[in-house]
Structures are given as structure tokens and as C-alpha cells.
Amino acid sequence: MHSGGTKFFEINREKANFDAIYHHPDPREYFRVLYGLDYVIPELAKTPFRGILRALRARKKRRLKVADLGCSYGINAALLRYPLDIRRLATRYAGHEMQSVTPRDLADMDRNYFRSWPPQNDDMFIGIDTAKPAIEYAVHSGLLDGAVTSNLEERDPAPEEMPLLRGLNLVISTGCVGYTTEKSFRRILSAQREDAPCPWVASLVLRMFPYGAITEELSRFGLVTEKLEGVTFVQRRFHSEQEYSATIHSLEKLGVDPTGKETDGLFHAELYVSRPRADVESCPLGKLVSVTSGAARRYGRRYTRAGQGPVKLMH
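All values reported here derive from a predicted model rather than from experimental measurement.

This brings us to the overall build of the protein chain. A tally of regular secondary structure across the protein chain gives 13 helices and 10 strands. When each of the 315 residues of the protein chain is scored for burial, the buried share is 50%. Intrachain contacts of the protein chain at a sequence separation of at least 6 include 77% that bridge at least 24 residues. Accessible surface for the protein chain amounts to roughly 15,600 Å². Of this, 49% is attributable to carbon and sulfur atoms.

Listed below in C-alpha cells is the structure:
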């Protein structure tokens, strides 16, 4: 089987390297650097991921178990579990009063902060990341229910990590593909019990990274992969002219037209969702995921209703 690893390495050499920010003991530097580049993909991922989670809850009728591959500080879990947005989090960590707080105290404060919000669901989130400081912070602050730190590109999960990976309903990722290949997905799915249904996989992938090898690997587990056509998700601004030019060149080599997307100075990602064939046939991706432009902006007071509940005036 072919691997995308070598091609990914060649492309990544031209991208800005932010590895160091994941080895800080708290997310302040993460938000300072990435949000400073308008890093918004976790925010944009909320809409499709919530649609996928709703569909899975309707099928399973119980609490879900979700693995976030490349979870870092648990940002996806924070945005999916609580009524928060990435701007609110970035502003919180950038506050002057936060700069003198120790990482341990900040983690304790965050634990109380997140618990003070009404949860949007009771799903269980497992983080998968080799950046131990980041993932340990996410667990201590209560965003993640468990952590897998083995490098799944190189080896199988440790024995004590296997129970965390078993029984998954969904695997999500919002930017690790390109650093992570089909090897990690294979090891995650191989950790499932043979008599258990295979989890769905939802990945937001930068357009410069081919997804074919991962699609092929997922098919070996009986999963059919669909791409959400006609929709892209902004990741962030380019860090430098060099990164911009190299990305445009990589896209053109792949035969991907960057006009009106990357040429406008922004990384764009596409959504791939992999499910058993029966699920794909019963509910195509276009019906499963709905992307509504403008729904996330701030509005004045408006009426809203959750399910069949009462109408409320939202401020």
C-alpha cells in the first residue's frame, strides 16, 4: 500500500513550523500565535461536526465516544461541549490579568470556567496527540476525558491506552492530516473490537494534502468516504510570502485551482466523512451536514427554540 507520508513531508517543509507552541504547559502561546494568524478552523468545524454528532446520537440513543486526532489543548472539545467560540477563548487567554497566572493555576481556573457553562452534550472526548504538555493540560482542565500520547505513526497504542480507543463512535481531526498519515487511522480503527461497529471518521484536510491513501485505508475497514462538495473551510492566514508561494505551487502541481481561495491569502480545507456504506446510502453527506453562511455572526435579540421546547428570546 502506498503512503502519503513522503509527499506530506515535502509539502510540510514549506509550511511555517509551529511545533513549539504545543509544548507549552498551557494554551496562552497557542492562542497568541495561531489566533494572531486568524486561525478559525476549529470554530468553522463546529457546524459540520455538530451535525454529524446529532446523526450519531439519533442512531445510538446514548452518550457518544469521540476521539480527536491531533487534539492539542482540547479546543475542539471545548467548542463542541460548550456554547463558546474561539474568539472568546482567545480573548480570555490574552487578558493582561492572565499573564502572571501559573500554568497549574490557569488549568484549575479553566476547569472551573468550563464547568460554569451549560454543556451542549454529555459526550466523552478522548484526545490523541504526541504533544504531552498540551494534552495533559486539556485533561486537567476537564476538556478531555482521556489521553493517548503514543506516536501512532510509529507504533501501536500502549496497552493502557487501548481501553480509551475501544468503543469509539467518531474520529475527528481539524488539521493533523499532513502530519498524520493513514498509519495513525489504521491503528485507531484496529484498536476496535471485532464485534463492534467501526467508528465514523470526519476530517478537515488542507487542500494541499492528498487524502487518497487515508481513504484507501479506511475502505479496508468497510468505510466509504465522501467529500462535501462545493464547500471549503478557512484554516488561517499565511504566515509569510514564502509559505504563500510554496502553497500555491503545491496546489498547482496537484492540479488544484487556488484562485479565489488560497490566492486570497488563506489556507482552505475540505471536509471528508467516512461511514459504513449502509449509512451513506440512507443519508448522503449533503443531507447529513448543512453549512449555513452567516449563522455564527453576532446578531441582536432573536427568538429561538431547541427541539420541541419553548420559544426563548436569545440575547
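Moving on: the environment of Val256. Mapped onto the elements, Val256 comes out in the loop between helix H11 (241–254) and strand E8 (266–276). What makes Val256 partly exposed here is its relative accessible area of 22%. Along the primary structure Val256 and Arg207 are separated by 49 residues, whereas in three dimensions their C-alpha atoms are 7.8 Å apart. Not counting residues within four places of it along the chain, the set of residues in contact with Val256 comprises Arg207 and Leu251.

To continue, consider the packing of helix H5 (residues 86–94) against helix H6 (residues 103–115). One can describe the packing of H5 onto H6 by two numbers: an axis separation of 13 Å at closest approach and a directional angle of 145°. Both H5 and H6 take part in a crossing whose hand is right-handed. Judged by residue contacts, Arg88, Leu89, Arg92 and Tyr93 of H5 engage Leu106, Met109, Asp110, Tyr113 and Phe114 from H6. In the contact of H5 with H6, the residues fall into six nonpolar, no polar and three charged.

What follows is about the environment of Tyr22. Topologically, Tyr22 is positioned in the loop between helix H1 (5–12) and helix H2 (28–34). Spatially, the C-alpha atom of Tyr22 lies 8.3 Å from that of Lys132, the residues being 110 residues apart in sequence. With sequence-adjacent residues up to four places away left out, Tyr22 is seen in contact with Tyr30, Leu34, Ser72, Tyr73, Ala131, Pro133 and Ala134.

Moving on: H11. Look at H11: 20 Å from first C-alpha to last across 14 residues, which is about the 20 Å you get at 1.5 Å a residue. For H11, every residue scored as buried is listed here: Glu243, Ala246, Thr247, Ile248, Ser250 and Leu251. Once H11 ends, the next one or two residues include Gly255, with phi positive near 80°.

A few words now on the pattern of salt bridges. Oppositely charged side chains can form a pair if their charged atoms are brought close together. Summed over the entire model, instances satisfying the criterion amount to 15 salt bridges. Linking Asp38 and Arg237 is a salt bridge whose minimum nitrogen-to-oxygen distance equals 2.7 Å. Here Arg237 lies in strand E7 (residues 233–237) and Asp38 lies in the loop between H2 and helix H3 (41–60), a separation of 199 residues in the sequence. Using a relative accessible area of 37% as the deciding quantity, one classes Asp38 as partly exposed.

Let us now look at helix H7 (residues 132–140). Along H7, the positions that sit buried rather than exposed are Ala134, Ile135, Tyr137 and Ala138. Along H7, the residues classed as buried sweep out an arc of 155° about the axis, all on the same side. In this structure, the buried side of H7 is in contact with H6, strand E2 (124–128) and strand E3 (146–148).

Reading guide: rules and limits
- Residues numbered from 1 in each chain as written.
- Predicted model: local features only at pLDDT ≥ 70, side-chain atom pairs only at ≥ 80, totals over all residues.
- Heavy atoms only, no water.
- Helix = DSSP H or I, 4+ residues; strand = E, 2+ residues; numbered from the N terminus.
- Buried < 20%, exposed > 50% of the residue type's maximum accessible area, 1.4 Å probe, protein only.
- Contact = heavy atoms within 4.5 Å.
- Areas by Shrake-Rupley, 256 points an atom, 1.4 Å probe, with all protein chains shown as cover.
- Axes fitted to C-alpha atoms, helices over the stretch in contact; angles between N-to-C directions.
- Left-handed = near helix turned anticlockwise from the far one by under 90°.
- Nonpolar A, V, L, I, M, F, W, Y, C, P; charged D, E, K, R; others polar.
- Expected span 1.5 Å × (residues − 1).
- Salt bridge = Lys/Arg side-chain N within 4 Å of Asp/Glu carboxyl O.
- Arc of directions from axis to C-beta.

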